[in-house]
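# A structural walkthrough
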Amino acid sequence: MDCRWSHARLLSLVLLPLACGPAAGTESGGSDSAAETQADGSTGSTAPEPTTDTTTGIDPDGTAETSTPTGPSETGTVIPDFPDSCNTIEQNCPPGYKCMPYSSDGGSAWNDTMCVPIARDPAGPGEPCTAKGGGLSGIDDCDGTSMCWNVDQETNMGSCIEFCTGDFKNPGCPDPCDTCQITGDGVLNICTAGCDPLVQDCPQDQACYPTFSDSFTCVPDGSRPETMVGAPCEFINACPAGLACINGELVPGCEGSSGCCTALCPVDGPDPCPALLPGSTCDPFWPEGVPDKTCVGAEPGLCVAN
């Protein structure tokens, strides 16, 4: 597998269920997950079979609506006009509902969207949340701008993360330091927190990894305890904090693997790479210099073969 880009030579994107991840703003993706990490960033069993589809919507208790026609019903209640397909960026569901990604086949990746009622007393971005039926069910108590993320498979608890804003041609995030991640044919669109790779200032159980949108973002750490510099990898979050998964041919001693973990390093000052990974030097992550719109401190680099 070779998903190289112009300079940082990342093997594959993290975080989301894909193998060669698209840049932010595209509408392509796959359905793989990283290093025993579920698509919702947690570990454990897969989500239960959902109870609805994109055209029905669901009641707050998680059961399907009894009918889908629009207009007044026999009881005088107006049934919402659900779109044939909803969009988590545009949020085109009826008032009181939000568009949510979910797993339609009980698998470990989001592969469809549906309109669900917004909770009566919803949690906001960054606040604790509960995902009924697991992180892939599409049912949670976050507000209309967010979804429950990094859900614990045992407690179904997580924290609300914001959806991207704008549209597919010009996606963005309310916080300029955050990164809009769009994957799975546009099914999943979320704003992941920006971070400093040399500081590793992410929440517990997450790490700061490079992305294809030329930035760094916090995502769940899916690495095994024994993973070290030079270890084989397939996804960036299969490497622990402080490391990144890059094309194996660029990592000294990485033979027979498409990718291996290498160390992040500071471009300025003494080069730590020869000691961390013999035969390597610190190569700037941004060869043309740190972009104006970035939220890192010291300039980061990657330990690559001389």
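Structure: above.
Please read these numbers as outputs of a predicted model, since none were measured by experiment.

When helices and strands are tallied, the protein chain shows one helix and 17 strands. Taking as baseline every contact in the protein chain between residues at least 6 positions apart, the subset at least 24 positions apart corresponds to 53%. For the protein chain, the exposed surface amounts to about 13300 Å²; the carbon and sulfur share of it is 48%.

Our next topic: the state of the cysteines. Inspection of the entire model under this criterion finds 14 disulfides. In this model Cys-202 forms its disulfide with Cys-218; the gap between the sulfur atoms is 2.1 Å. Since a negative S-S torsion denotes a left-handed disulfide, the Cys-202-Cys-218 link at about -90° is left-handed. Of this pair, Cys-202 sits in the loop between β11 (188-192) and β12 (206-210) while Cys-218 sits in strand β13 (residues 216-220), and the two are 16 residues apart along the sequence. Each member of the pair, Cys-202 as well as Cys-218, is classed as buried.

This part is about the side chain of Ser-223. As for its position among the elements, Ser-223 is in the loop between β13 and β14 (243-247). Engagement of the side chain of Ser-223 in a polar contact is seen with the side chain of Asp-221, the distance being 2.7 Å. With sequence-adjacent residues up to four places away left out, Ser-223 is seen in contact with Asn-237, Ala-238, Cys-239 and Pro-240.

Looking now at the sheet that holds strand β7 (residues 157-162). Taking strand neighbours across the sheet as the criterion, the three strands line up as β5-β7-β6 in an open arrangement whose pairing is antiparallel. With partners counted over all chains shown, the strands left at the sheet margins are β5 (128-130) and β6 (146-149), one partner each. With direction set aside, neighbouring strand axes in the sheet form an average angle of 50°. By the bridge criterion, three bridges tie β5 to β7 in an arrangement that is antiparallel. Within the sheet, the bridge partner assigned to Cys-129 lies in β7 and is Gly-158.

Proteins that are soluble and globular tend to have nonpolar side chains buried together. Among the nonpolar cores identified, the biggest contains 33 residues, and Phe-216 and Leu-302 are the most heavily contacted of them. Breaking this core down by element, the ones donating at least two residues are β12, β13, β14, β15 (259-266) and β17 (300-305). Examining the composition of this core, we find that five residues originate from one element, β15, more than from any other.

Attention shifts here to the pairing of β13. Burial within β13 is extensive, with five of its five residues counted as buried. Sheet analysis places β12 next to β13, joined by five bridges and oriented antiparallel. Across the sheet, the residue bridging to Pro-210 is Phe-216, located in β13.

Calculation rules
Residues numbered from 1 in each chain as written. Predicted model: local features only at pLDDT ≥ 70, side-chain atom pairs only at ≥ 80, totals over all residues. Heavy atoms only, no water. Helix = DSSP H or I, 4+ residues; strand = E, 2+ residues; numbered from the N terminus. Contact = heavy atoms within 4.5 Å. Areas by Shrake-Rupley, 256 points an atom, 1.4 Å probe, with all protein chains shown as cover. Disulfide = S-S within 2.5 Å. Buried < 20%, exposed > 50% of the residue type's maximum accessible area, 1.4 Å probe, protein only. Polar contact = N/O pair within 3.5 Å; in protein donor to acceptor, adjacent residues only side chain to side chain. Pairing = 2+ DSSP bridges. Axes fitted to C-alpha atoms, helices over the stretch in contact; angles between N-to-C directions. Core = buried A, V, L, I, M, F, W, Y, C linked by side-chain atoms within 4.5 Å.

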